[in-house]
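# Structure assessment
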Amino acid sequence: MEPSFLRHFDFAGKTACVTGAASGIGRATAALLASLGAVVHAADRDAAGLESLAAEGSAFRPIVFDQANRESVENLARVVGPVDILVNNAGILLYQPLIDLAWEDLERVIATDLTGAIGLTRSIGAGMVARRTGVIVHTGSQLTFNGAEFRSVYAAAKAGISQFIKTAALEWGPHGVRVNCIAPGRTLTPINRHLLSDPEQYAEAIKRIPLGRFGEPEDIAQAIVFLASDASAYVTGQTLVVDGGWVLP
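Residues numbered from 1 in each chain as written. Predicted model: local features only at pLDDT ≥ 70, side-chain atom pairs only at ≥ 80, totals over all residues. Heavy atoms only, no water.

Another aspect to go through is the pairing of strand 2 (residues 39–44). Burial runs high along strand 2: 5 of the 6 residues are buried. Assessed by its sense of winding, the connection that carries the chain from strand 1 (residues 15–19) through helix 2 (residues 24–35) to strand 2 is right-handed. Examined bridge by bridge, strand 2 and strand 3 (residues 60–64) share 5 bridges and lie parallel to one another. Across the sheet, H41 pairs through a bridge with R61, a residue of strand 3. This β-α-β element, strand 2 to helix 3 (residues 47–54) to strand 3, shows right-handed connectivity. (Buried < 20%, exposed > 50% of the residue type's maximum accessible area, 1.4 Å probe, protein only. Helix = DSSP H or I, 4+ residues; strand = E, 2+ residues; numbered from the N terminus. Right-handed = clockwise from strand over helix to strand, strands pointing away. Pairing = 2+ DSSP bridges.)

Now the structure itself:
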């Protein structure tokens, strides 16, 4: 590979904020960005997970944060200050039949997966717009494109993110800020590992994936870093599906 291309993945001197960084896709993304030279503000509700991440290197700046809480979102934006990259990855999954859905659970998922993500983008993105530079990558879901039983609110919130990033990209593109989204497929992370522990469900899910395996957090992290890098400097307002082909059938 030409050195002129590889330089796009040199993040030395860059500052990133990664939410949901204590585990799964967020942790893999934070680790990859740090390995490429970035200073990483790692935000999550899981204080112990953040502590273990911070022990892995001096590039990490752990911050306990709850994306469902407006004050916590606004405080995170204040604490991290100017950043070059925001990876808006924090999210929760509710696996429940629609008819049994409690109003409180609906509000909790929407507050975390949609409202809080939009609010953090607004708060951190405002500084990017003022400086006329910055990259934002959201973590969406393959369920933006396909239905899945018992995940109605999660799917709706993630579909909302894919629509939101289009408008943000249109508004902020003229100010030098790119906004994109990753739509992961079934990935072996704490948020959904329990759904794949049932042998029958596991076998059925594998049938749907042409590449014949579930994703690893690193598979998704590499795609996020691509969108955060200058290698994708002409890409904005897009949702990149990384799912082993699950949405194709």
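All right, on to the sheet that holds strand 4 (residues 85–88) then. Sheet strands associate in pairs through backbone hydrogen bonding, adopting either a parallel or an antiparallel arrangement. Within the open sheet, the 7 strands sit side by side as 3-2-1-4-5-6-7. Their pairing is parallel. Only two strands of the sheet have a single neighbouring strand rather than two, namely strand 3 and strand 7 (239–242). If you compare each strand with its neighbour and ignore which way they point, the axes differ by 15 degrees on average. Relative to strand 5 (residues 134–139), strand 4 runs parallel, the two sharing 4 bridges. Pairing of I85 across the sheet is with V135, part of strand 5. Docked against the sheet, helix 6 (residues 152–172) engages strand 5, strand 6 (177–184) and strand 7, running at close to 160 degrees with respect to strand 6. (Axes fitted to C-alpha atoms, helices over the stretch in contact; angles between N-to-C directions. Contact = heavy atoms within 4.5 Å.)

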